[in-house]
Amino acid sequence: MVEPLLDIKDLDVRFSTSEGETRAIRGINLSLNPREVLGIVGESGSGKSVTALAVMGLLAKNANVTGSIHMGDRELLGMKDRQLSSIRGLKIGMIFQDPLTSLNPVYSVGWQVEEAISAHQDLSKEKRRAEAIRLLELVGIPRADDRVDDYPHEFSGGMRQRVVIAIAMANNPQIILADEPTTALDVTVQAQVLEALQVAIDQSHASLVLITHDLGVVAGLASRVVVMYAGRIVEIGTADAIFYSPAMPYTHGLLGSIPRVDDDGGARLRQIPGSPPSMIGTQPGCPFAPRCPLRKDICLTEEPALRSVSSTTGTEAHQAACHFASDVVTMPLASMFPDTSDDHEEPPQ
Ligand SMILES: Nc1ncnc2c1ncn2[C@@H]1O[C@H](COP(=O)(O)OP(=O)(O)OP(=O)(O)O)[C@@H](O)[C@H]1O
Ligand SMILES: [Mg+2]
């Protein structure tokens, strides 16, 4: 068996707020294997960023974290900031949603890539600059040797995000954590940035955790996909299992809201009605039940555990948190949620 790079056990994160305690993460178990691309998807507020921030030790001060996060034989939870800074940037590279907040506007892009290199490597000035240019070229900055002294505002949004990718891969990290790396970009640029990300992981042999609310974005890259809802993993499996045999109605709903290249053009986009639950206080039952077209009485009283889905998809690794997962997995895609695309409001009389 391969030794996981990162092993998260019973992760639980609560925030104290003026309205009460927010249970942002409720018992996550997840491991990341060497050289794998793991997609984490889920609607806004499902706990994707909090999971990533917990790994990096970057949660806000009002967070109360329990469980364990192992990287090799080191426990990251509870590590002092100084020890963690030897892991951030060196073992784990990070890419956040908005490149403008990750890049400093007063320094040239080249300086910022060099700065990332010199935080962990002792190279001469010339070698550092050459390495910065090499990295910028690698992520697809045209004429990188001419552009290395430009400032972030002289770059387009997609190019800035490529600079952030160059910084994340500067020290050959074992893991690249990308939280919504393409959300702020338009679709064409999104594809180019994803390509740069693919180059980054091919070159550095890193594992990638790709966090997004968009299943379409993980489709081309991820080998395994985690679906989160209300602070829990509600489904996990190979990308094929998640895309072709989802076993949780919520995943069906997420899939219904993206255009698919493999449909015959007749399928309509469908939205999941309603919105995610408040994470303050605990309600009994499955948190998705109020929005679920298949809910039965048991769903309102008993929260389903994450369990292996019956042999239909052939792998032990496919798990879902649904009382009726073995039925759901056999259901045709796009049949579960009503097609609301023709609905329109009556004009006022
Ligand atoms: N510092 C904080 N204080 C209180 N609650 C917080 C804090 N940070 C996050 N939360 C709450 O934790 C929950 C999970 O948030 P998180 O940012 O992980 O969502 P997400 O899945 O990344 O959503 P998005 O797609 O919008 O980025 C939310 O209910 C959020 O309001
Ligand atoms: Mg987020």
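This text goes with the structure placed above it.
All figures in this text were calculated on a predicted structure; none of them were measured in a lab.

A. Just the overall build of the protein chain, in detail. Tallying secondary structure elements over the protein chain gives 13 helices and twelve strands in all. A compact globule built from 349 residues should have a C-alpha radius of gyration of about 20 Å, and the protein chain, at 21 Å, falls within 12% of that. Dimensions of the protein chain, computed from C-alpha atoms along their principal axes, come out at roughly 70 × 50 × 50 Å. Within the protein chain, contacts between residues at least 6 apart in sequence are counted, and of these 65% link residues at least 24 apart.

B. Structural detail: the sheet that holds strand 6 (residues 92–95). The strand order across the open sheet built from eight strands is 6-7-8-3-9-10-12-11, with neighbouring strands paired in mixed fashion. The strands lining the two open edges of the sheet, one partner per strand, are strand 6 and strand 11 (307–308). Note that strand 6 and strand 7 (residues 175–179) share four bridges and pair parallel. Bridge pairing links Ile92 to Ile175 in strand 7. Each of strand 3 (37–41), strand 7 and strand 8 (207–212) is contacted by helix 8 (residues 187–204), which is oriented at about 165 degrees to strand 7, the strand it contacts most. Relative to the sheet, helix 11 (residues 249–256) contacts strand 3, strand 9 (224–229) and strand 10 (232–238), its axis offset from that of strand 9 by approximately 105 degrees.

C. View of the packing of helix 7 (residues 157–168) against helix 8. At their nearest, the axes of helix 7 and helix 8 sit 10 Å apart, and the two run at 15 degrees to each other. With respect to helix 8, the axis of helix 7 lies roughly parallel. Handedness of the crossing formed by helix 7 with helix 8: right-handed. Two secondary-structure elements touch here, helix 7 through Gly157, Gly158, Gln161, Arg162, Ile165 and Ala168 and helix 8 through Val189, Gln192, Val193, Ala196, Leu197 and Ala200. Of the residues assigned to the contact of helix 7 with helix 8, the class counts are seven nonpolar, four polar and one charged.

D. Representation of the site of ligand 1. Contacts to ligand 1 come from 16 residues, most closely from Phe15, Ala24, Ser44, Ser49 and Val50. Within the residue set of the shell around ligand 1, elements represented by two or more residues are strand 1 (6–17), strand 2 (20–32) and helix 1 (48–56). Counting residues per element, the shell around ligand 1 draws most heavily on helix 1, which supplies three residues. Residue composition of the shell around ligand 1, grouped by class: five nonpolar, ten polar and one charged.

E. Structural view of unusual backbone geometry. Backbone geometry places Asp10, a non-glycine residue, at a positive phi of 45 degrees. Within the element layout of this structure, Asp10 appears in strand 1. The class for Asp10 is exposed, based on 12 C-beta atoms found within 10 Å. One non-glycine residue, Ala230, lies in the positive phi region at around 50 degrees. As for its placement among the helices and strands, Ala230 is situated in the loop between strand 9 and strand 10.

F. Representation of the environment of Met71. Within the fold, Met71 resides in strand 4 (residues 63–71). For the pair formed by Met71 and Asp7, sequence separation is 64 residues and the distance between their alpha carbons is 6.5 Å. Not counting residues up to four positions away in its chain, the partners in contact with Met71 are Leu5, Leu6, Leu76, Ile87 and Lys91.

G. Representation of helix 11 within the structure. Burial analysis of helix 11 places eight of its eight residues in the buried class, the great majority of the element. Next to the buried residues of helix 11 lie strand 3, helix 9 (215–219), strand 9, strand 10, helix 10 (239–244) and helix 13 (325–328).

H. Focus on the environment of Glu137. If you trace the backbone, Glu137 turns up in helix 5 (residues 125–138). The exposure class of Glu137 is partly exposed, given the 16 C-beta atoms found within 10 Å.

I. Representation of the sheet that holds strand 2 within the structure. In space, the four strands of this open sheet follow the order 2-1-4-5, with antiparallel pairing throughout. Two strands lie at the open edges of the sheet, namely strand 2 and strand 5 (74–75), each paired on one side alone. Relative to strand 2, strand 1 runs antiparallel, the two sharing ten bridges. Across the sheet, Val13 pairs through a bridge with Ile25, a residue of strand 2.

Parameters and conventions
Once a new chain begins, its residue numbering starts again from 1 and follows that chain's sequence as written. Chains and ligands are labelled by the order in which they are written, letters from A for the one and numbers from 1 for the other. Residue-level local features of this predicted model are given only where pLDDT is at least 70; pairs of side-chain atoms are given and counted only at 80 or more, and the full residue set underlies all totals for whole chains, interfaces and linings. Helix numbering and strand numbering both begin at the N terminus, where a helix is a DSSP run of H or I of at least 4 residues and a strand a DSSP run of E of at least 2. For this measure, only C-alpha atoms enter the radius of gyration; the expected value for a globule follows 2.2 Å times N^0.38, where N is the number of residues. Each residue is represented by a C-beta atom placed from its backbone, and any two residues with such atoms within 7 Å are regarded as in contact. Strands are labelled as partners when DSSP assigns at least two bridges between them. Note on definitions: angles span 0 to 180 degrees between N-to-C directions of axes, and those axes are lines fitted to C-alpha atoms, for helices only across the stretch in contact. Convention used here: angles under 35 degrees read as roughly parallel, angles over 145 as roughly antiparallel, angles from 65 to 115 as roughly perpendicular, and any remaining angle as oblique. Left-handed describes a crossing in which the near helix is turned anticlockwise from the far one by less than a right angle; the clockwise case is right-handed. Nonpolar residues are Ala, Val, Leu, Ile, Met, Phe, Trp, Tyr, Cys and Pro. Charged residues are Asp, Glu, Lys and Arg, and all others, Gly as well, are polar. Near, as applied to residues and a molecule or strand, means the residue's backbone-placed C-beta atom lies within 6 Å of it. Exposure classes come from backbone-placed C-beta atoms, where a residue is buried if 20 or more other C-beta atoms lie within 10 Å of its own, exposed if 12 or fewer do, and partly exposed in between.

Read these as layout, nothing more, since geometry by itself doesn't imply function.
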